[in-house]
Amino acid sequence: SPISRLPTELIAYIFILLSNIDRPSYPAAISGSPTYPCAPTLGWIAVTHVCRLWREIALDYPSLWANVEFAMGSDWTQLMLARARSSPLALNMYRPQQRLRLFQDDEVDLIVQSLARAKEFRFCLAVDADKTARILRTPAPALETLEIQFGTDLNEFNSLPQCFLGGHTPFLRHLRLRTVTRFPWTSHLLTNLVTLHV
């Protein structure tokens, strides 16, 4: 087919563009339902099911898998982390309000294990106070971009924990805080910021 005549690098670049606009996700949950009613939407990952060539190209580009979605459960998350290999990670735990749910312990473990390699971290979800604190106390020494939004049903937990991100984020340049009621404004984490949105 004509598209198969394109250089491998160009097809991979098209996949990268697609991954930025068609992210894997769960469909919106039924109102009031504590669990998701149906299977996840693969988004851009569907290209790996088109033909053997496309699958091989996608699997050969670790950076394509480095935008790790935590919206699909721990099995998918583990698969994306394995395929990303040693690439710097962009961890996306940002979910529209109607799709918030509680994270399980195995998912929290994956998040904590991945933060050391993360360049970007977007955090918006319903997690109990202990799990939230565990995630946000984990050191993220390579982090450059951070976005935090607490679910509106967690108003009593909308403050950042002591020893936020292990107190050591030398490369943090971009910080966005939404629905965060208390933040340590004297923290040295703010020293090297280029952009701050509150």
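Structural notes, computed from the coordinates. (Residues numbered from 1 in each chain as written. Predicted model: local features only at pLDDT ≥ 70, side-chain atom pairs only at ≥ 80, totals over all residues. Heavy atoms only, no water.)

### Regarding the overall build of the protein
Our working rule: Secondary structure elements follow DSSP: runs of H or I no shorter than four residues count as helices, runs of E no shorter than two count as strands, and numbering proceeds from the N terminus. The buried label goes to any residue with under 20% of its type's maximum accessible area, the exposed label to any with over 50%, and the partly exposed label to all in between, with areas taken from a 1.4 Å probe on protein chains only. Working rule for contacts: check all heavy atoms of both residues, and any pair within 4.5 Å makes them a contact. Throughout, the Shrake-Rupley method with a 1.4 Å probe supplies accessible areas, and for residues the shown protein chains are the sole cover considered.
Along the backbone of the protein there are 5 helices and 6 strands. Its helices and strands taken in sequence order, the protein reads α-α-β-α-β-α-β-α-β-β-β from the N to the C terminus. Each of the 198 residues in the protein was classed as buried or not, and the buried ones make up 44%. Here the contacts in the protein between residues at least 6 apart in sequence split such that 58% fall between residues at least 24 apart. Surface summary for the protein: the accessible area is close to 10,300 Å², and the carbon and sulfur share equals 55%.

### Brief notes about the environment of phenylalanine 171
Considering the arrangement of structural elements, one finds phenylalanine 171 in the loop between strand S4 (145-150) and strand S5 (174-178). The partly exposed category is assigned to phenylalanine 171, whose relative accessible area is 46%. Considering only alpha carbons, one finds phenylalanine 171 and lysine 119, 52 residues apart in sequence, at a separation of 8.8 Å. Sequence-distant contacts of phenylalanine 171, that is, excluding residues within four places in its chain, are made with Pro141, Ala142, Leu143 and Glu144.

### Observations concerning the pairing of S5
The condition that has to hold: The rule for pairing is simple: two strands pair if DSSP sees at least two bridges between them.
Along S5, the buried face is formed by Leu175 and Leu177; none of His174, Arg176 and Arg178, which line the opposite face, is buried. Summarising the sheet, S4 and S5 pair through 5 bridges and their orientation is parallel. The partner of threonine 145 across the bridge, within S5, is histidine 174. Here 3 bridges tie S5 to strand S6 (residues 195-197), and the two strands are oriented parallel to one another. Within the sheet, the bridge partner assigned to leucine 175 lies in S6 and is leucine 196.

### A short note on helix H4 (residues 105-114)
We count it as follows: This arc describes the spread of directions from the helix axis toward the C-beta atoms.
Within the sequence span of H4, burial applies to Glu107, Val108, Leu110, Ile111 and Ser114. Down the axis of H4, the smallest arc covering the buried residues is 155°, so these residues share one side. Among the exposed residues of H4, those pointing more than 90 degrees away from its buried face are Asp105 and Gln113.

### Details of the side chain of serine 19
What counts here: Polar contacts, as used here, are pairs of N or O atoms within 3.5 Å; protein pairs need one atom able to donate a hydrogen and one able to accept it. Residues neighboring in sequence count only if both atoms are side-chain atoms.
Turning to its location among the elements, serine 19 is positioned in helix H1 (residues 8-21). By relative accessible area, serine 19 is classed as buried at 4%. Within the structure, the side chain of serine 19 is placed 2.7 Å from the backbone oxygen of isoleucine 16, a separation counted as a polar contact. If we ignore the near neighbours within four places in the chain, the residues touching serine 19 are Trp44, Leu64 and Asn67.

### Focus on unusual backbone geometry
Residues apart from glycine generally show negative phi values, whereas peptide bonds are mostly found in trans. Its identity is not glycine, yet arginine 85 carries a phi of approximately 55°, on the positive side. Within the secondary structure, arginine 85 sits in the loop between helix H3 (74-84) and strand S2 (89-94). Under the relative-accessibility criterion, arginine 85 is labelled partly exposed at 47%. The phi torsion at leucine 165 lies on the positive side, around 55°, for a residue other than glycine.

### Regarding the packing of aromatic side chains
We describe a pair of aromatic rings using the distance from one ring centre to the other and the angle between the two ring planes. We apply this condition: Classification of ring pairs uses Phe, Tyr and Trp, with its six-membered ring standing for Trp, and accepts pairs whose centres are within 6.5 Å; under 30 degrees between planes counts as stacked, over 60 as edge-to-face, and the remaining range as tilted. The criterion for a charge sitting over a ring is simple: Lys NZ or Arg CZ within 6 Å of the ring centre, and within 35 degrees of the ring normal.
In total, this model carries 3 aromatic pairs according to the counting rule given. Here arginine 83 stacks its cationic end above the ring of tryptophan 65, 4.6 Å away from the centre of that ring.

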